[in-house]
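So the chains spell out like this:
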Amino acid sequence: WIPDNNRERQEYLLMYLIWHQTYVKSEELCDFLYVSKTTLSKSLKNVEMILKRYALRIDRKPNYGICMVGDEFDIRRLICDYFVKRNCLVEMDSDHMEQEIQELASYIQKQLDAYEIRLSETAFENFVEYVYISWKRIRYGHCVTRKVEVLPEIGKREEMFVKKLTRHLAESGGISYTSEEEAYLLLYLAGKRMV
C-alpha cells in the first residue's frame, strides 16, 4: 500500500514517526512514498501542525534526518484521538485491532462490574482505547517514564481493579507494567469514573 494523496501521506507519515522513533532521512521517505522533496515537506508541515497540538515536535539532525520527539503520554493521546477514534490506523495490526479492542472491552466491563466501578458509556470507550494503546505501546517498548506527581483520591477498589487489569494484560501480552504505567491507568480511570 502506497499513500497516493495528501491526507493518506499525512496519516502515513504520522504513523511512521509514531512507531519508528529513530531518525529517518527525507530521501528514504521520498523514495518510499514516490514523491518529491517539495511534496514531502508540504506533508511534513501538516504533520507538524498536528504534532504541535499534542506538545510533540519533529527534530531535525543534519546527516541523520528527522525524528518525532515528545512525552510518551502525549504520543498516546495523539494515537487515541487521531487514529483510534477516527478508525484509520495504518500500521497497528488494523485487521486484529477491532477484535482485540472488543475482547479487551469485554474483560474490562466484567472487572468494572466485579469491583463496582461505574463509568459512563463515553468514559468507558475512552478508557478502553487508552488501555489498548498503552498495551500496544508497551509491547513495542515505549513506556511512560514520567512519574505522576499527584494521584487524585483513589479508592481501594480502583487500585485493585488496575492491579488485576495490568496483571491480565501483562500475561496476555508477555510484557510487564511499571509502577508509572499503573499510576497513569489509575489517573486515567480517576478522571473518567462516575461518583
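Small disclaimer: the values here were computed from a predicted structure and weren't measured. (Residues numbered from 1 in each chain as written. Predicted model: local features only at pLDDT ≥ 70, side-chain atom pairs only at ≥ 80, totals over all residues. Heavy atoms only, no water.)

Q: Looking at this model, I keep getting lost on helix H8 (residues 179-192). Mind explaining?
A: For an α-helix the count is 3.6 residues per turn, leaving residues at separations of three or four pointing the same way. An ideal rise of 1.5 Å per residue puts 20 Å on 14 residues; H8 measures up with 20 Å between its terminal C-alpha atoms. The complete set of buried residues in H8 reads Glu180, Glu181, Glu182, Ala183, Tyr184, Leu185, Leu186, Tyr188, Leu189 and Ala190. Residues of H8 that are buried in the fold lie against helix H4 (72-84), helix H6 (121-139) and helix H7 (156-173). (Helix = DSSP H or I, 4+ residues; strand = E, 2+ residues; numbered from the N terminus. Expected span 1.5 Å × (residues − 1). Buried < 20%, exposed > 50% of the residue type's maximum accessible area, 1.4 Å probe, protein only. Contact = heavy atoms within 4.5 Å.)

Q: Explanation requested: the side chain of glutamate 158 in the structure shown.
A: Of note, glutamate 158 is situated in helix H7. Residue glutamate 158 is classed as buried on the basis of its relative accessible area of 6%. Of note is the side chain of glutamate 158, whose polar atom sits 3.2 Å from the backbone nitrogen of glycine 155. (Polar contact = N/O pair within 3.5 Å; in protein donor to acceptor, adjacent residues only side chain to side chain.)

Q: I would appreciate a short explanation of the packing of helix H1 (residues 6-19) against helix H3 (residues 37-53) in the present structure.
A: Packed helix pairs are characterised by how far apart their axes lie and by the angle those axes make with each other. The contact between H1 and H3 brings their axes to 9 Å, and the two run at 65°. The two elements H1 and H3 meet at a crossing, and its hand is right-handed. Of the residues in H3, those touching H1 at Asn6, Arg9, Gln10, Leu13, Leu14 and Leu17 are Thr39, Leu40, Ser43, Leu44, Asn46, Val47, Ile50 and Leu51. Residues of the contact of H1 with H3, tallied by class, amount to eight nonpolar, five polar and one charged. (Axes fitted to C-alpha atoms, helices over the stretch in contact; angles between N-to-C directions. Left-handed = near helix turned anticlockwise from the far one by under 90°. Nonpolar A, V, L, I, M, F, W, Y, C, P; charged D, E, K, R; others polar.)

Q: Looking at this structure, how should I read the packing of aromatic side chains?
A: Tallied over the full model, the rule gives ten aromatic pairs. The lysine or arginine in question, arginine 137, covers the ring of tryptophan 19, its NZ or CZ lying 4.7 Å from the ring centre. Just above the ring of tryptophan 135 sits the side chain of arginine 139; from NZ or CZ to the centre is 4.6 Å. (Phe/Tyr/Trp six-rings, centres within 6.5 Å; stacked < 30°, edge-to-face > 60°. Lys NZ or Arg CZ within 6 Å of the ring centre and 35° of its normal.)

Q: What exactly am I supposed to notice about the packing of H6 against H8 here?
A: Contact pair H6 / H8: the axes reach a minimum separation of 10 Å and the direction vectors enclose 170°. As summarised for this structure, H6 and H8 are arranged roughly antiparallel, according to the angle between their axes. At the point where H6 passes H8, the crossing takes the right-handed sense. Each of Ala123, Asn126, Phe127, Tyr130, Val131, Ser134 and Ile138 in H6 lies in contact with H8, whose residues at this interface are Glu181, Tyr184, Leu185, Tyr188, Leu189 and Lys192. Residues that form the contact of H6 with H8 fall into these classes: nine nonpolar, two polar and two charged. (Parallel < 35°, antiparallel > 145°, perpendicular 65-115°, else oblique.)

Read these as layout, nothing more, since geometry by itself doesn't imply function.
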